[in-house]
Structure formats: C-alpha cells, structure tokens
Amino acid sequence: MVLSSPKTRIEARNALAAGIMAVACAATLTSGSPPPAAADVDAPAAASGTVLFFDDFSGASLDTTKWVAGLHQWGPDNYGVVPENLSLTTVNDAGTPVDVLAARANGDQYTGAVRGILATDASYPVGDPRRYTRQETGVRTGGLVWTKERFGAGRYEVRMKTLPYSGGCSCIWNYYNPGNGDYTEIDIEMPAAGTGGRADWAHWAGFNSYVSLDPGGATLEDVDLGAAQNDGAFHTYRWDWYDGSNGTPRIEFYVDNVLYATQTATVPTLPAQLWVGNWAASWSGDFDYASQYQYIDWVKISTLGGQ
Ligand SMILES: [Ca+2]
C-alpha cells in the first residue's frame, strides 16, 4: 500500500505494527439469496498445490472466521476504509450469476449515509474503533478486508473486477510488521502509485515487494498491462512467492496467467496477513463520482511445492 511519501508510509506502518489482529469490527454485511448452482462455474482452475485458504464469497455473510471487515485509516486526504462499504451480493457477469464481495468506493460526489474516519489515537491497535474518530462526511472512503491468519510463501490469487472509475486503488497486499525489524509486504495496486493522473491509468499496475522500510528495502515497479483493467470483465491477479524454501527466492506477478514482472532483490520470508479491497489513495485519481464498486469473486492461497 504505497502512500504519498516514505515518511508517511513509515509512520503509518509503524502504527500498523501496534497490532492488526486485535479487533474484528461490527460489520453491516448483508447478503442476497442463496447462490444458484450455476455460480459454481466461477470456481477457480485446479490448484497447483495444496489450498491453504479459499473463499468464494457465496455464503450468507462475510465469513468472519476467515476475514476481518476492515476499519482503518492511513495516508493523507482520505477517510479510511469502513465495514459499511462491504456487502455480499450476486452480480450478473454476461449472463452468469457470480457471488461476490462488493467493496464500495465513495467519491467526492457522495452524499449518502456512510461516514468516514480519521486515525486520531495510535495507542489503540489497527481495527480498534477507539483508534479512529468518525467524520461528518463519507467521501473518499473505501472497503477492504484482511485475513485473520498469516500465510507464508505460495501462490496468491484474486479474481475480481477492479474499480471502474478514476479515484480509488483496487489492491491486494500482504503485510507483516511487528516492529522489531521483521517485515513482509507484497503488493498489486491498480492504478500504480505513479500513474493515477494519467489518461491511461486503468492500464497500470504497481507490483511491489518489501523486506524493510529502509532505503533499498523495496522494489517498486509500475507496469503497463497493455489493456484497461476496468473493461467490465473479471480478471485474475496473482503472485507466486518463492521464499527460498520452495525454490530460488523470487516473486512472480501475473494477470490472467500472463507473467508481467519478476522480483528477486527484496523477497520476504515471513508469513503475513492478506489484505484485499480498495482505499482512497490520494494518488489514485480524481474521485469525480458518487459511488462505485469493486467485485471480488474469490481469493485463494495455495502452496507451490518444490519448484
Ligand atoms: Ca464467488
């Protein structure tokens, strides 16, 4: 989750170290009807290894044995992520019903009932409502979930439709920062942090990895995927993380099974929680809309074996 500057990034992430695990917020999650059998067609392809984690969001509500419905705020010029922007629903994907987690983003034209937050007391852990103060506005708020458990090296896959309009980062990252120098972060961010103001912002992804927040501790790549990701179709975003125990240390980044980047200089080794959703990153566009939705079909973490 690239912030506006290294300094604010470090401050925010030190605060995160206070404890992500602590509080599962009260969520206002709703669901549609039970999924029709046809929804099974959106199941992922056969795994290359053992499945460690999977959710296709087909239940009656968010599975809080797997996920925390995120309440958090970091970075400048946004009012955080709030559980009120999360819901389970079924969307029509070219005639096929697909059960999804819908993560709403509210832009500068938003006048609805959701209220955003600012982080005002870092003595409380991430996700603890006492850490934040509710605001009178709901603009520039997002929706995001993170896993309750930490996961290590392996294949991470998310099938989703990214946010369609400029303003809001559709993102996947894992994160571990206990404050003792240990650090794990691997990101896929759309748009990339350096491309939110471009006319072709929807073509770009940030592929990032970190082993520390010190200079030289990160590899940040802005990559042109060659086509707009907000084309109304589901796409599968993936990284294969080889930490040294399962092959030469590297991270391979894929979109729809096409390899776009390989990073070898900053490969983490420690298990981390996976975050999936969207947030109103100040660099992610113009926010000239009321509300828009990111639709997440499924999330899977599996082993890569001894490759
Ligand atoms: Ca699904």
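About the cut-offs
Residues numbered from 1 in each chain as written. Predicted model: local features only at pLDDT ≥ 70, side-chain atom pairs only at ≥ 80, totals over all residues. Helix = DSSP H or I, 4+ residues; strand = E, 2+ residues; numbered from the N terminus. Buried ≥ 20, exposed ≤ 12 C-beta atoms within 10 Å, placed from the backbone. Contact = placed C-beta atoms within 7 Å. Pairing = 2+ DSSP bridges. Axes fitted to C-alpha atoms, helices over the stretch in contact; angles between N-to-C directions.

Peer 1: Please give an account of the overall build of the protein chain that cites residues and values.
Peer 2: From N to C terminus, the protein chain includes one helix and 17 strands. In the protein chain, which comprises 307 residues, the proportion classed as buried is 46%. Restricting the contact set of the protein chain to residue pairs at least 6 apart, pairs at least 24 apart contribute 74%.

Peer 1: Outline the environment of Leu88, listing residues and values.
Peer 2: The residue Leu88 is located in strand 3 (residues 86-93) in this model. Counting along the chain gives 12 residues from Leu88 to Val100, while the straight-line C-alpha distance between them is 5.8 Å.

Peer 1: Account for the pairing of strand 11 (residues 204-210), naming residues and giving values.
Peer 2: Most of strand 11 is tucked away, with seven of its seven residues classed as buried. In this sheet, strand 11 lies alongside strand 10 (residues 184-190) in antiparallel orientation, the contact comprising five bridges. Bridging from a neighbouring strand, Glu185 pairs with Tyr210 of strand 11. When strand 11 meets strand 12 (residues 218-224), the two strands line up antiparallel, connected through seven bridges. Bridged to Asn208 within strand 12 is Leu220.

Peer 1: Explain the sheet that holds strand 16 (residues 273-279) residue by residue, including any values.
Peer 2: Taken in spatial order, the seven strands line up as 2-7-16-9-10-11-12 in an open sheet, and their pairing is antiparallel. A single partner strand is all that each edge strand has here, and the edge strands are strand 2 (67-69) and strand 12. In this sheet, neighbouring strand axes are inclined to one another by 15° on average, regardless of whether the strands run parallel or antiparallel. Here strand 9 (residues 169-176) pairs with strand 16 via seven bridges, running antiparallel. The residue bridging Cys169 from the neighbouring strand is Trp279, located in strand 16.

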